[in-house]
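# Residue-level structural notes
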Amino acid sequence: MSTDGGPAPRRAPYAARPQPQGGRRYREEPPTGGRSDYQRDRDRVIHSTAFRRLEYKTQVFVNHEGDLYRTRLTHSLEVGQVGRSVARQLGLDEDLVEAIALAHDLGHTPFGHAGQDALNGCMGDYGGFEHNIQSLRGVDVLERRYGDFPGLNLSFETREGILKHCSKARAEKLGDVGRRFLEGTQPSLEAQITNLADEIAYNNHDIDDGLRAGLIDLEELCAATLFGDIFREVQARYPHADAKILRHETGRRLINTFIMDLVHTTRARVAQAQVQNLQELRALSAPLAAHSAPMAESIRQLKAFLMRRLYRHPQVHRQAEKAKRLVRDLFTAFFSDPRLLPLDHQARLLEDDSPSRRARVVADYVAGMTDRYAIAEHARLFDPRFGTDTP
């Protein structure tokens, strides 16, 4: 595993500036005590309600299936670790990378992508639902912690990193952070790196969780992916190690392989593009952060394997289908009778109870639930043996 120990390299001329150039939605005094603006962003994310909820939100395995599987919280921490490792070697702003990494999944629904797909279907006539946009909505509007502004009032640079992808139709409604999707320009290199760190983290930890759960066959994984080449090297080095040690030693080397390829390829692409500052980097028509062509193909093969053997495994699929039905039930119940909503959500409908407004309020409520809260709320609504009081 690549580490971030030792002195940081000199800040690259195309790195994000320590003082955000895009400002904040609401004017604030600069942070004190030696903190940078991006450290302030990171700290606000860590102290947010949505961040704490990530501990009980599904990555692949539903939260109650086991204590050792990744959740959205541990995934976000791993993205931050990978991102910081890459950023340090490229001379980028590590604090900005970490802030984006910790915030990028704040808007995710319970039950992972199954929950998102179900909620998007429910919102089909009301603008749809996408967790990246919901993450941005959370930090801009939904979090309520400060007297001077709604949301967390994060810097533009952190907010644009949260919004990894967006349709042009939606971008038109998002103001400054949506502009690059309309103009074809690029976000900061820190945002680009965090996007790829997300992929590195989930590919590796989904392998680990799938093997631990017994849903992935080790021999088949080794035969079909880059994991096998590294596993055989580890076996040769530690001939007497048990299976658990071999698996973890392979995993850490696989992460490092992806990290170093990303660092070397991105550094070469930056040099080829001859960008001298952040403005030139933003003006490019394509991102500079990338893996090499051979590594990109290895990652494609790995993702295809995980899709076949893990994400579509009958055990995972059954949980996903149950989760989708549960989310649809919750949305339908609250949309049909908003008096079932908590009082603070009902209050948001006092001045505007149009169908689109009601749908968005219900989506905000459902998306904010943890796995176990959603299960309990479903029982309170549909099982007469349970009370109706909201905890």
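Fair warning: this is a prediction, and the values are worked out from it, not measured in the lab. (Residues numbered from 1 in each chain as written. Predicted model: local features only at pLDDT ≥ 70, side-chain atom pairs only at ≥ 80, totals over all residues. Heavy atoms only, no water.)

### Things to note about a positive patch on the surface
The following threshold applies: Patch construction takes residues with relative accessible area above 30% that form no salt bridge. Like charges are linked within 9 Å, and nonpolar side chains (Val, Leu, Ile, Met, Phe, Trp, Tyr) are linked within 5 Å. Computed with a 1.4 Å probe, the accessible areas rest on the Shrake-Rupley method; for each residue, only the protein chains presented here act as cover. Any Lys or Arg side-chain nitrogen located within 4 Å of an Asp or Glu carboxyl oxygen qualifies as a salt bridge. Under the counting rule used here, the positive set is Lys and Arg, the negative set is Asp and Glu, and His together with the chain ends is not counted. A charged residue contributes its charge at one atom only: NZ of Lys, CZ of Arg, CG of Asp or CD of Glu. A run of H or I in DSSP becomes a helix once it reaches four residues, and a run of E becomes a strand once it reaches two; helices and strands are each numbered from the N terminus.
Residues Arg318, Lys322, Arg325 and Arg328 make up a contiguous surface patch of positive charge. Mapped onto the fold, Lys322 is located in helix α16 (residues 314-336).

### Thoughts on the pattern of salt bridges
A full pass over the atoms with the stated rule returns 36 salt bridges. Here Arg44 makes a salt bridge to Glu28, at a shortest N to O gap of 2.7 Å. Highlighted residues: Arg44 in helix α1 (residues 37-46) and Glu28 in the segment before α1, separated in sequence by 16 residues. Through salt bridges with shared partners, a single network forms among Arg35, Arg42, Asp43, Arg84, Arg88, Glu94, Asp95 and Glu98.

### Details of the packing of aromatic side chains
What counts here: Here a Phe, Tyr or Trp ring, Trp counted by its six-membered ring, pairs with any other such ring whose centre lies within 6.5 Å, and the pair is stacked when the planes are under 30 degrees apart, edge-to-face when over 60, and tilted otherwise. Here, over-ring charges are defined by two tests on the NZ atom of lysine or the CZ atom of arginine: distance to the ring centre within 6 Å, and angle to the ring normal within 35 degrees.
The full count for this structure, using the stated rule, is seven aromatic pairs. With a centroid separation of 5.8 Å and an interplanar angle of 10°, the aromatic rings of Phe331 and Phe335 are classed as stacked. Note that Phe331 and Phe335 are positioned in helix α16 at a spacing of four residues, about one turn of the helix. Within the aromatic cluster, the residues linked to one another by ring pairs are Tyr26, Tyr146 and Phe149. In this arrangement the basic side chain of Arg44 is found over the ring face of Tyr146, its NZ or CZ atom lying 5.0 Å from the centre. The ring of Tyr373 carries the charged tip of Arg380 above its face, separated from the ring centre by 5.4 Å.

### Some thoughts on the packing of helix α3 (residues 72-90) against helix α10 (residues 189-213)
Cut-off, in case you're wondering: Working convention: axes come from line fits to C-alpha atoms, limited for helices to the stretch in contact. Angles between N-to-C directions cover 0 to 180 degrees. Oblique is the label for any angle not covered by the other classes, which are roughly parallel (under 35 degrees), roughly antiparallel (over 145) and roughly perpendicular (65 to 115). Crossings are classed by handedness, with left-handed meaning an anticlockwise turn of the near helix from the far one by less than a right angle and right-handed meaning a clockwise turn. Throughout, a residue-residue contact means that at least one pair of heavy atoms, one from each residue, lies within 4.5 Å. Residue type decides the class: Asp, Glu, Lys and Arg count as charged, Ala, Val, Leu, Ile, Met, Phe, Trp, Tyr, Cys and Pro as nonpolar, and the leftover types, Gly among them, as polar.
Orientation of α3 relative to α10, taken along the N-to-C sense of each, is 130°, at an axis distance of 8 Å. Taken together, the axes of α3 and α10 lie oblique to each other. α3 and α10 meet at a crossing whose hand is right-handed. Between α3 and α10, the residues in contact are His75, Glu78, Val79, Val82, Gly83, Val86 and Leu90 and Ile193, Thr194, Ala197, Asp198, Ile200, Ala201, Tyr202 and His205, respectively. Split by residue class, the contact of α3 with α10 holds nine nonpolar, four polar and two charged.

### Here's the deal with helix α13 (residues 243-273)
We apply this condition: What a helix is expected to span follows from its residue count: subtract one and scale by 1.5 Å. In the analysis that follows, any N or O atom pair within 3.5 Å is treated as a polar contact, provided that within protein one partner can donate a hydrogen and the other can accept it, and provided that, for residues neighboring in sequence, both atoms belong to side chains.
The terminal C-alpha atoms of α13 lie 45 Å apart, and with 31 residues this matches the ideal 45 Å at 1.5 Å per residue to within 8%. In this structure Asp242 caps α13, since a side-chain oxygen of it lies 3.2 Å from the backbone nitrogen of Lys244. Phi turns positive one or two residues past the end of α13, at Gln274, with a value near 55°.

### Section: helix α6 (residues 131-142)
The condition is simple: Categorising residues by exposure relies on relative accessible area from a 1.4 Å probe, with only protein chains included: less than 20% of the type maximum marks a residue as buried, more than 50% marks it as exposed, and the intermediate range marks it as partly exposed.
Under the 1.5 Å per step criterion, the end-to-end length of α6 is only 14 Å for twelve residues, more than 12% shorter than the ideal 16 Å. Within α6, nine of the twelve residues are buried, leaving the element largely enclosed by the surrounding structure. Regarding α6, the residues found buried are His131, Asn132, Ile133, Gln134, Ser135, Leu136, Gly138, Val139 and Asp140. The inward-facing, buried residues of α6 abut α4 (94-103), α5 (112-122), α7 (156-162), α8 (168-171) and α18 (355-367). Where α6 begins, the capping side chain belongs to Glu130, and its oxygen is found 2.7 Å from the backbone nitrogen of Asn132.

### Considering the environment of Ala15
With respect to the helices and strands, the residue Ala15 is situated in the segment before α1. Its relative accessible area of 0% is what places Ala15 among the buried residues. For the pair formed by Ala15 and Asp93, sequence separation is 78 residues and the distance between their alpha carbons is 6.4 Å. Setting aside residues no more than four positions away along its own chain, Ala15 makes contact with Gly91, Leu92, Asp93, Glu190 and Leu278.

### Quick notes on the confidence of the model for the protein
The predicted structure's coordinates, where accompanied by low pLDDT, should not be read in detail. Let me state the cut-off plainly: Per-residue confidence from the predictor is reported as pLDDT, which spans 0 to 100.
Residue-level pLDDT values for the protein average 92, and 94% of them are 70 or greater. Within the model, the stretch residues 62-67 combines pLDDT values under 50 with twelve contacts to residues more than four positions away or in other chains.

### What about the environment of Ala333?
Within the element layout of this structure, Ala333 appears in helix α16. Here the alpha-carbon distance between Ala333 and Glu160, two residues 173 residues apart in the chain, equals 34 Å.

### Considerations on the side chain of Asp208
With respect to the element layout, Asp208 can be found in helix α10. Owing to a relative accessible area of 10%, Asp208 belongs among the buried residues under this scheme. In contact with Asp208, other than residues within four places in its own chain, are Arg70, Arg247 and His248.

### Description of the side chain of Arg360
Summarising the element assignment, Arg360 is placed in helix α18. Buried within the structure, Arg360 lacks any salt-bridge partner; its nearest side chain of opposite charge belongs to Asp364, at an N-O separation of 5.6 Å. A distance of 3.1 Å separates a polar side-chain atom of Arg360 from the backbone oxygen of Tyr126. Looking at Arg360, its side chain comes within polar contact range of the main-chain oxygen of Gly128, at 3.0 Å. Those residues within four positions of Arg360 in sequence are excluded, and the remaining contacts are Met123, Tyr126, Gly127, Gly128, Phe129 and Arg137.

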